[in-house]
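Survey of secondary and tertiary structure
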Amino acid sequence: MSFRRKLLLVFSLTVFVSVATVAWVVSVFTRRTFERASDERTATLVAQFHREFTRRGEDVVRRVEAIAASEPALRIALALNRGAPDYATFLSEAKALADAQQLDFLQLIDDQGTIISSAQSPARYGYKDTTVHLNRAENKPAFLKREDLGSGTVLGLFAVRSVNIADRPLFVVGGRRLDKGFAASLDLPAGMRAFLYQNLEPGFSPRLLIDPSGSLQQPERFASLIARVKQHGESRELISWSNDQADAESLDAFPLTGEDGQLLGVLLVGNSQRPYIELRARIRSAVLLIGGSGILMAVVLSTWIAARVTRPVEQLASAAQQVADGDWNTQVPVSSNDELGQLAESFNQMTRQMLQQREHLVQTERVAAWRELARRLAHELKNPLFPLQITVENLLRAREHSPEIFEEIFRESTSTLLAEIQNLKNIIARFSDFSRMPQPTFQPVSLNDVVHGVMRLFQAQLAAGNQLGITPQLELQPDLPQIAADPDLLHRALSNLVLNAMDAMPSGGVLSVRTLALDGRVQLEVSDTGSGLSAEECGRLFTPYYTSKTHGTGLGLAIVQSVVSDHNGRVSVNSSPGRGTTFRIELPVNSDKLARSEKRQESAQTGA
Amino acid sequence: MLNPNALDLTMNTAGYNSRVPRMTGLLARCLRLPCPLLLILSLVCFAADWSTPVHQLAQKIVADTGPGAVSLTFSNRSSLTRMDVDAVQAALITQLAAAGVRLVNPEQASVVVQISLSENLQKYVWVAQVQQGSDTKVEIVSVARLDTPAPIHEPVQLTIRKILAWSQDERILDVAVIDSSPPRVIVLDPNKVAIYALQQGQWQLQQSLPIHHSRPWPRDLRGRLMLRPDHLFDAYLPGMACTSTAAPISMACRDSDDPWPLATQPTAMNAFFSPSRNFFTGALSPGVAKDKTVVPFSSAAPIPREKYVLWLFAGTDGHLHEVDGMNNQMLARTNWGSDIAAIKTSCGSGWQILATSSGDGTAPDTIRAYEFPDRDPVAASLPTEMNGSVTSLWTESTGNGVMAVSQNQQTGKYEAYRLAIACGQ
Amino acid sequence: MRHIVWQLLVVSSLFLSGHAGAATRPQYGGTIHVMTRRAPASLDPLDPTQPDSIARRNLTNLLFDSLVLIDDFGRVKPALALSWEAEPGNQRWRFWLRSGVNFDDGTPLTPALVAASLRSANPSWNVSAVDNSVSVALPNSDPALPAKLALARNAIVKRTPANISGTGPFHISAWQPGKTLTVVANENYWAGRPFLDSVQIDFGNTYRDQSVALELNKADVVEIAPEQAKRPSMAGQHLVISEPFELMAILFRRDPQSPEDGKLRRALALSIDRTSIKNVLLQGTGEPSGAVLPNWMTGYAFMFPADGNIDKAREQRIEVAQAPVWTIGFDPGDSLGQLIAERVALNGRDAGIPIQTSSAGSADLSIVRVQPASFNPQTALSSVCGALALPAPDFSNESEAVLYQAENAILQTQRIIPLFHLPLNYGVSTKVKGFELRRDGSWQLSNTWVASEIQ
């Protein structure tokens, strides 16, 4: 990925992450704030409910007390104490008293719990009311209670007072129905709803739900919440009324208990999630809009910035690549005075220096190479020249001093002179060959085949039980890709390495040759188990004419390096004294050259 | 038409059954006889014949039970008197015994028969519930209601004596009793004048003299019979007057607006009756002194004073008007009804006024005697209860009695009572 | 005409303290105001949209006459027909008409018009005018035809496209259907001009409104709910109470579906404490009854037990493994019916029968109130069965035994549990005199009169 793209990506990512982070933070903050506000509103509504509940209860108590203090109640109490009251006489009394006090329920009950007169169920005279503990509930605040009306059970707010004259008190049990009006009396903020559920049956029944607004649909959705309240008390549940998230509602359920602590009702407070959802949607929209715009702007800006920023860098990179490709005479334009301009200036200076240094180095190396060559040549030539000199001196001495053996010495000396002259010629030939190393001809080459070719060459020497005591070991990767290479040069290079390895194991050992496919490259390793090399030796190894052997020109590894270099490969050595040496050659696949080579072959084949 | 509001709601389990007049007096004495004699006396003292329905019931029972041991219980849910009930019971037992049914105690019987004597509007309904084990059969016999004799009451010393003179289903306008030999009763009703004579212990119709009228009678029809020495009687009806002949007895009626006689004693007074209404128009003949007209009234009665006659008029305005031709007076509060009649007695001032109490006819009437020491009435007797609403109250021709006609609330019959005053309590 | 035995009568002069006293002679004139609950839309006795009721009979009695009438002892009496006779077999009858009777439009009553009226009411009859009589040929023998002719639906009505006319004691003066009716006295009424000049009737008033109107002297005759008749608030009021005539019963919607269903119905019947209901809910009015017709009508109603027995009820209930929850319905406009339905539900629950009250129309059982069309027992039983959609009774004759069998058969269907026979109660202003009721609780305003001054 280019620097520009990276920069662009980084800029965009930065903007995106920033916006996203801000949006997330805002969203979380909003949600928490909303939840807090929702909780506060719920708490306020519940408090209002309890206040209203208490107020209504006090109102019921007042009315019941008024009835207890009324003349008709006194009259009934007197009749009660005079003996069994006449139910016929009092049949409608409770209804009249209840109507006067605007109560929905009123029962006049004797001390045995027997109903004397009932407003809500006039026909219940003579029956006992077992739903209220008269003595316990007397003079207490209002409480919730179930009331069986014959046509069904309802919930009401009741109070009990008594008319105490003589021995038998008359109990006045009055109440108001918990109905829509009660729930509707709550002052509900926008987005809030309140329901009352009358827990009058096991399980859940939608008809027991009091919905003052009449807006409730799907009442059965409350079933699980109600069940939870019944088991665990106060609960909360989020209910989605439709596929639209905005229709979700957070419902808080509060139990309402009766006199004995039994659950008689549930107050359900609903907080619509719509404001929150809409706000969140708006935030998201804003985020998306702003983020998108920002990202777009960032992309545009970063593209421009990147272009501005990366151009010099790209130029630098391109110049560096050129330098790496060998074109050291590369200069980049200096278009600014900032760090990039300084960098460009530095690069230019560097390349200039590199050029100078390379020239100097080349010069130096040339000189060094000439010196080395002169030294090596002097060394190589000195060897055969010394015997030449001796021989000629011998000849002179023999002619002078031993003419009788002069012929023999002449013949021996001429042989020696011819041999040494041949030796000189060989040396000169090797130097000539080295100087005339051909350029590689690239073609698809299987490195494994090259290995096999080389090993065949040394097969006789490496056969089992050979006198050298060297065991060949091949570890060739079977699916090694072909590379674009000159097979002959590779063969030569590999031969040199094998020779060196064999030479490094005069007492025998293991000669390992391994091939391995890497990413876009192939690797060839030649290892021996000889005495190894020191680090200094490793550093001078590829210097032409350097050799640690007693024989040889010292050009083998130089040839190897030259071949490898011509193939744009790399050669390295890994060795330590006593542990053998491994030469590693890495060669690129050179797919492009491979393709060109294949095309040439195809052209050649088709042309032929 | 019955006035149900007057029904005795404390009656026994017969509930709202109509009451049949009870039998007391002679029959009451029969009821006090020992039980074994009931069977005989039921046949002797009582004129009702239950044999046929008893026989029917017995047959039905025997058809269900067959001969054998039976437990029998009786209950009376009707207005039959105790004597009748006993008679029925005795007769039934006899019939069952004759059929081979043996009466035993409940614990010894395999069959239990519950006899209930009930009644409906028209008939007595006798029900036998025959229970054999878990099987129950019901047999019902209907018995037509019998004419029951007039009630006999134990003699108690009274001021007003009430004697039933006549009873019939049709409305009685007036009754005149002729104490002749044989005794005769003349009954005026809306359609005829009937003359009965007592022969061989039974009242026999001697003559029925129809009254033909072209116009409908007004409601609350009133009529008056006046016995005449020369031609038996005159009958007065709204817009009509009828005159009889003595022998042969016949009657001729004509449309007439002749005034009706209010009294013949101590002075004769007549008044004109509205031909289409139920009251006197107020026109008098000859009048009370200078007063030829008075307020419209329903009835009138004279109180002879020493030097004048004080006339009392029960006005249609509901007040009692006292007219003597000089100082006329109206009594606003008398609680009197519309019917007053004078009666000549040997008690007190010699003349008393019998008056009905005020009311609307929904409850039985009472009649009370009053004296007029001055201008205000003073009750001279206790109220006498009638069996129903009084529909007419006329002084008899002799002046010594008053004929009161009332409709029995229980039976619907019209009953004419001859009222007499007995001095002392 | 009856004969009496000449008896010497003396009467015990018992002082009856506080008794109402005797009669003041009726006075002609005046107008009374009557209020009713029902609001008839038509005065035609044959209007099929309005079921027969006391209210309709009240109006029919004002405006129309029948050929005969039933007196308070159930006896058929002449009205427009003076006499009648039946051919052997009771399938052909002949009724001789009273002469000199006119309709309120002045036209005379003729046999043809009588025949036309009877044909309208009874399409299956062959009715024809013969001289001064009407001949009726029935499809079947019917010895009770005269009693049926006394029914309101057989009132003689002259029908024209424009209106209807009658021969009754009153004529229509003003009529606002469903609201008010004003009638004036028929001066030439064949049974005598009524005492009243006119009667004004206001329809569609609640019991409460009627009571208030009576208290305020804005009404002279009002209806009193049975349960209000004996309340202290009515003390001092003039009450006219009829015979217990109206049947209040429990009617099951369907026949028993199984033997267990029958047992449950028996258990319910045994569980009902009628005495308590009468004493309290009915305030002492009404007669507990286990029969369809009251005892004063049949004489055998006591044979059908009306006493509750909760122990026996529970025994019956135990024999049924599972009792369904029944709903008991009532007329939403009948507060008394609702109370009694609630009490029946409570009694039923005491016996282990789950019952809930319901004002919806499709309850399993319901409290019904039926006013028989006549106090002729056969006609009454037929009309009750017809009104309640029960099987029509079969009478081979008019005997009480056959009537009992027919009524028993109806009760054996277990479709109906009679509860009470209720009287009709009227509050009457003190100035109104002579207000009388027939046995069936219908008015007889012909003999009613208004006192000119309260004494």
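Further up the page is the structure itself.
So, here's what we can say about the structure.

What counts as what
Residues numbered from 1 in each chain as written. Chains lettered and ligands numbered in written order. Predicted model: local features only at pLDDT ≥ 70, side-chain atom pairs only at ≥ 80, totals over all residues. Heavy atoms only, no water. Helix = DSSP H or I, 4+ residues; strand = E, 2+ residues; numbered from the N terminus. Buried < 20%, exposed > 50% of the residue type's maximum accessible area, 1.4 Å probe, protein only. Contact = heavy atoms within 4.5 Å. Areas by Shrake-Rupley, 256 points an atom, 1.4 Å probe, with all protein chains shown as cover. Phe/Tyr/Trp six-rings, centres within 6.5 Å; stacked < 30°, edge-to-face > 60°. Disulfide = S-S within 2.5 Å. Pairing = 2+ DSSP bridges. Axes fitted to C-alpha atoms, helices over the stretch in contact; angles between N-to-C directions. Left-handed = near helix turned anticlockwise from the far one by under 90°. Nonpolar A, V, L, I, M, F, W, Y, C, P; charged D, E, K, R; others polar. Buried area = accessible area lost by both parts, 1.4 Å probe. Salt bridge = Lys/Arg side-chain N within 4 Å of Asp/Glu carboxyl O. Polar contact = N/O pair within 3.5 Å; in protein donor to acceptor, adjacent residues only side chain to side chain.

**Some details on the overall build of chain A**
- For chain A, the count of helices and strands is 16 helices and 17 strands.
- Looking at the 608 residues of chain A, the share that counts as buried comes to 44%.
- Long-range pairs, those at least 24 residues apart, make up 63% of the contacts in chain A between residues at least 6 apart in sequence.
- Accessible surface for chain A amounts to roughly 32,300 Å². Of this, 54% is attributable to carbon and sulfur atoms.

**Details of the packing of aromatic side chains**
- Taken as a whole and judged by the stated rule, the model has 34 aromatic pairs over all chains.
- Between A:Tyr87 and A:Tyr125 the ring centres are 5.6 Å apart and the planes differ by 40 degrees, which places this aromatic pair in the tilted class. Residue A:Tyr87 is found in helix α3 (residues 87-90), and its partner A:Tyr125 is found in the loop between β2 (115-118) and α5 (134-137); the two are separated by 38 residues along the sequence.
- Residue class for A:Tyr87 comes out partly exposed when judged on its relative accessible area of 22%.
- Ring centres of A:Phe222 and A:Trp241 lie 5.8 Å apart, and the angle between their planes is 85 degrees; on these two criteria the pair is classed as edge-to-face. Of this pair, A:Phe222 sits in the loop between β7 (209-210) and α7 (223-232) while A:Trp241 sits in the loop between β8 (235-240) and β9 (248-257), and the two are 19 residues apart along the sequence.
- Taken together through their ring pairs, the aromatic side chains of B:Tyr236, B:Trp260, B:Phe273, B:Phe280, B:Phe297, B:Trp311, B:Phe313 and B:Trp394 make up a single cluster.

**Focus: the state of the cysteines**
All names here are of chain B.
- Tallied over the entire structure, the rule returns two disulfides over all chains.
- Here Cys 242 connects covalently by a disulfide to Cys 253, the sulfurs 1.9 Å from one another. For the disulfide bridge between Cys 242 and Cys 253, the dihedral angle about the S-S bond is near 110 degrees, and by the sign convention the bridge is right-handed. With a gap of 11 residues between them, Cys 242 in strand β13 (residues 240-245) and Cys 253 in strand β14 (residues 250-255) connect regions that are remote in the sequence.
- In this structure Cys 242 comes out as buried when scored by relative accessible area, which is 1%.
- Cys 253 sits in the partly exposed class, given a relative accessible area of 28%.

**Some points on the pairing of strand β5 (residues 170-177) of chain A**
Residues and elements named next belong to chain A.
- Burial runs high along β5: six of the eight residues are buried.
- By the bridge criterion, five bridges tie strand β1 (residues 105-109) to β5 in an arrangement that is antiparallel. When the sheet's bridge partners are listed, Leu 108 is paired in β5 with Val 172.
- When strand β4 (residues 153-163) meets β5, the two strands line up antiparallel, connected through eight bridges. Opposite Phe 158, over in β5, you have Gly 175 as the bridge partner.
- Hairpin connection between β4 and β5: a loop of six residues separates the two successive antiparallel strands, and Ala 166 in this loop has a positive phi of roughly 55 degrees.

**Examining unusual backbone geometry**
- B:Ser285 connects to B:Pro286 through a cis peptide bond whose omega is 10 degrees.
- Non-glycine residue C:Gln283 carries a positive phi angle of around 55 degrees.
- For C:Gln283, a relative accessible area of 8% gives the class buried.
- For C:Ala389, which is not a glycine, the phi torsion comes out positive at approximately 60 degrees.
- Here C:Ala389 shows up in the loop between α10 (377-387) and α11 (400-412).

**Re the packing of helix α13 (residues 487-503) of chain A against helix α15 (residues 556-566) of chain A**
Residue and element names in this part refer to chain A.
- At a closest axis distance of 9 Å, the pairing of α13 and α15 adopts a crossing angle of 145 degrees. Pair α13 / α15 crosses with left-handed handedness. Here Leu 489, Leu 490, Arg 492, Ala 493, Asn 496, Leu 497 and Asn 500 of α13 lie close against α15, whose contacting residues are Gly 556, Leu 557, Ile 559, Val 560 and Val 563.
- Residues that form the contact of α13 with α15 fall into these classes: eight nonpolar, three polar and one charged.

**Digging into the interface of chain A and chain C**
- Of the residues lining the interface, 15 residues belong to chain A; the matching set on chain C comes to 16 residues.
- Counting each side, the surface lost to burial between chain A and chain C is near 1,400 Å², with a carbon and sulfur contribution of 51%.
- The three residues of chain A that bury the most area against chain C are A:Ala123, A:Tyr125 and A:Tyr127, which together make up 40% of that side's buried surface.
- Our count for the chain A to chain C interface comes out at one salt bridge.
- The partner of C:Arg349 in a salt bridge is A:Asp148, and the shortest N-O contact between them spans 3.5 Å.
- Taken together, the links from chain A to chain C amount to nine residue pairs in polar contact (both at pLDDT 80 or more).
- The dominant element in the side of chain A that touches chain C, judged by the number of residues it contributes, is α3(A), at three residues.

**Some points on the sheet that holds strand β2 (residues 101-103) of chain B**
- On the basis of which strands lie adjacent, the open sheet formed by five strands has the order β2-β1-β3-β4-β5 (chain B) and mixed pairing. In the strand order of this sheet, the two ends are held by β2 and β5 (135-144) of chain B, each with one partner. On average, each strand axis in the sheet is tilted by 30 degrees relative to the strand beside it, whichever way the strands run.
- Two elements, strand β4 (residues 123-132) of chain B and β5(B), share 10 bridges in a ladder whose sense is antiparallel. Counted as the bridge partner of B:Gln132 is B:Asp135 from β5(B).
- In the packing of α11(C) onto the sheet, the strands contacted are β4 and β5 of chain B, and the crossing angle to β5(B) comes to about 140 degrees.

**Comments concerning helix α11 (residues 447-457) of chain A**
- Inspection of α11(A) places A:Leu447, A:Asn448, A:Val450, A:Val451, A:Gly453, A:Val454 and A:Met455 among the buried residues, and these make up the whole buried set.
- If you follow the buried residues of α11(A), they end up packed against β11 (443-445), α12 (459-462), β12 (470-475), α13, β14 (509-518) and β15 (521-528) of chain A.

**So, the side chain of C:Thr36**
Residue and element names in this part refer to chain C.
- Along the chain, Thr 36 turns up in the loop between β1 (31-35) and α1 (54-63).
- The buried category is assigned to Thr 36, whose relative accessible area is 4%.
- If we skip the residues at most four places from it in the chain, Thr 36 touches Ile 201, Asp 202, Phe 203, Gly 204, Asn 205, Gln 210, Glu 223 and Trp 443.

**Overview of the pattern of salt bridges**
Residue and element names in this part refer to chain A.
- Scanning the model with the defined rule gives 56 salt bridges over all chains in all.
- The shortest N-O distance in the salt bridge between Arg 236 and Asp 252 comes to 2.7 Å. Residue Arg 236 is found in strand β8, and its partner Asp 252 is found in strand β9; the two are separated by 16 residues along the sequence.
- You can call Arg 236 partly exposed: its relative accessible area is 43%.

**Points about the sheet that holds strand β30 (residues 414-421) of chain B**
Residue and element names in this part refer to chain B.
- With antiparallel pairing, the four strands of this open sheet are ordered in space as β6-β30-β29-β28. The open sheet has two free edges, formed respectively by β6 (160-168) and β28 (388-395), since each of these has just one partner strand. With strand direction ignored, the average angle separating the axes of adjacent strands in the sheet is 25 degrees.
- Bridging between strand β29 (residues 402-408) and β30 involves six bridges; their strand directions are antiparallel. Paired with Met 403 across the strands is Arg 418, a residue of β30.

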